[in-house]
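Fold and contact review
If you want the building blocks of each chain, they are given just below.
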Amino acid sequence: MAGVQPEVTVRPMTAEHAEGVLAVFAEGIATGHATFESAAPAWAEFDASHLPEHRFVALDAAPDAPAGPADPVLGWVAASPVSRRAVYAGVVEASLYVGAAARGRGVGRALMDALLASAEAGGVWTVQSTVFPENAGSLALHAAAGFRVVGRRERIARMTHGPLAGEWRDVVLLERRL
């Protein structure tokens, strides 16, 4: 995972990471440029909605150190199925969040690389994402990881929280074929 500082390691996400994962999620929500969600869900809901084999955390720990709940979660990535229909079993939607203090350290790219490797190994053929057009960092990360823009949904939903509450928002649709 090129570009990641030595003290950052990517590991499979487990319940012991719940507090850190949800804190990073809440931080992203507060920006108003990460999601239409207005609050992070309870861990049980988060856990049930994301595929266990395709979710990872970036921890502030050396790669060879034993993981522990005290290791700060710098960011996370997780995939969700896009449909319950069998024909879409190989299509997932990625969510990726990096805490503000960890941005610019290669954390997002390391998480995306881990997700794409697990998805490909797990028989996924398409990873898709929706990103607000104002989220330049996320769009750049997706482009660097080989995603392509497949469309833009204009005024798809109205924000209910944050600095853009009440405004209709566009999203950019991205995909990466594996």
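Everything below is about the structure printed above this text.
An account of the accompanying structure is given in this report. (Residues numbered from 1 in each chain as written. Predicted model: local features only at pLDDT ≥ 70, side-chain atom pairs only at ≥ 80, totals over all residues. Heavy atoms only, no water.)

Topic: the layout of surface pockets
- Roughly 1300 Å³ of internal volume is contained in the largest pocket.
- For the largest pocket, the lining is made up of 48 residues, of which Ala34, Ser95, Leu96, Tyr97 and Thr130 are closest to its centre.
- If one sorts the elements of the lining of the largest pocket by residue count, strand E4 (residues 91-98) sits on top with six residues.
- Residue composition of the lining of the largest pocket, by class: 23 nonpolar, 18 polar and seven charged. (1 Å grid on protein atoms, 1.4 Å probe; cavity = no way out; pocket = protein on both sides within 12 Å on 5 of 7 lines; lining within 4 Å. Points joined across faces, edges and corners; volume = space filled by probe spheres on them. Helix = DSSP H or I, 4+ residues; strand = E, 2+ residues; numbered from the N terminus. Nonpolar A, V, L, I, M, F, W, Y, C, P; charged D, E, K, R; others polar.)

Section: helix H4 (residues 136-144)
- Of the positions making up H4, those classed as buried are Ser138, Leu141 and His142. Down the axis of H4, the sector holding all buried residues measures 95°, keeping them to one side.
- Once H4 ends, the next one or two residues include Gly146, with phi positive near 90°. (Buried < 20%, exposed > 50% of the residue type's maximum accessible area, 1.4 Å probe, protein only. Arc of directions from axis to C-beta.)

Looking at unusual backbone geometry
- Within the chain, Arg155 stands out as a residue other than glycine whose phi angle is a positive 45°.
- The residue Arg155 is located in strand E6 (residues 148-158) in this model.
- For Arg155, a relative accessible area of 53% translates into the label exposed.

Points about the pattern of salt bridges
- Evaluation of the coordinates by the stated rule reveals seven salt bridges.
- Across the salt bridge formed by Arg105 and Asp60, the nearest N and O atoms sit 3.5 Å from each other. One end of the pair, Arg105, is in the loop between E4 and helix H3 (107-121); the other, Asp60, is in strand E2 (residues 55-60), with 45 residues separating them in the sequence.
- Overall, the relative accessible area of 31% leaves Asp60 in the partly exposed class.
- For Arg169, the salt bridge is made with Glu134, and the minimal N-O distance between the two is 3.0 Å. Taken as a pair, Arg169 in strand E7 (residues 168-177) and Glu134 in the loop between strand E5 (126-131) and H4 lie far apart in primary sequence, 35 residues in all.
- Look at Arg169 and you get buried, because its relative accessible area is 2%.
- Under the relative-accessibility criterion, Glu134 is labelled partly exposed at 46%.
- One salt-bridge network, held together by shared partners, links Arg148, Glu175 and Arg177. (Salt bridge = Lys/Arg side-chain N within 4 Å of Asp/Glu carboxyl O.)

It is worth stressing that arrangement in space is one thing and function is another; only the former is reported here.
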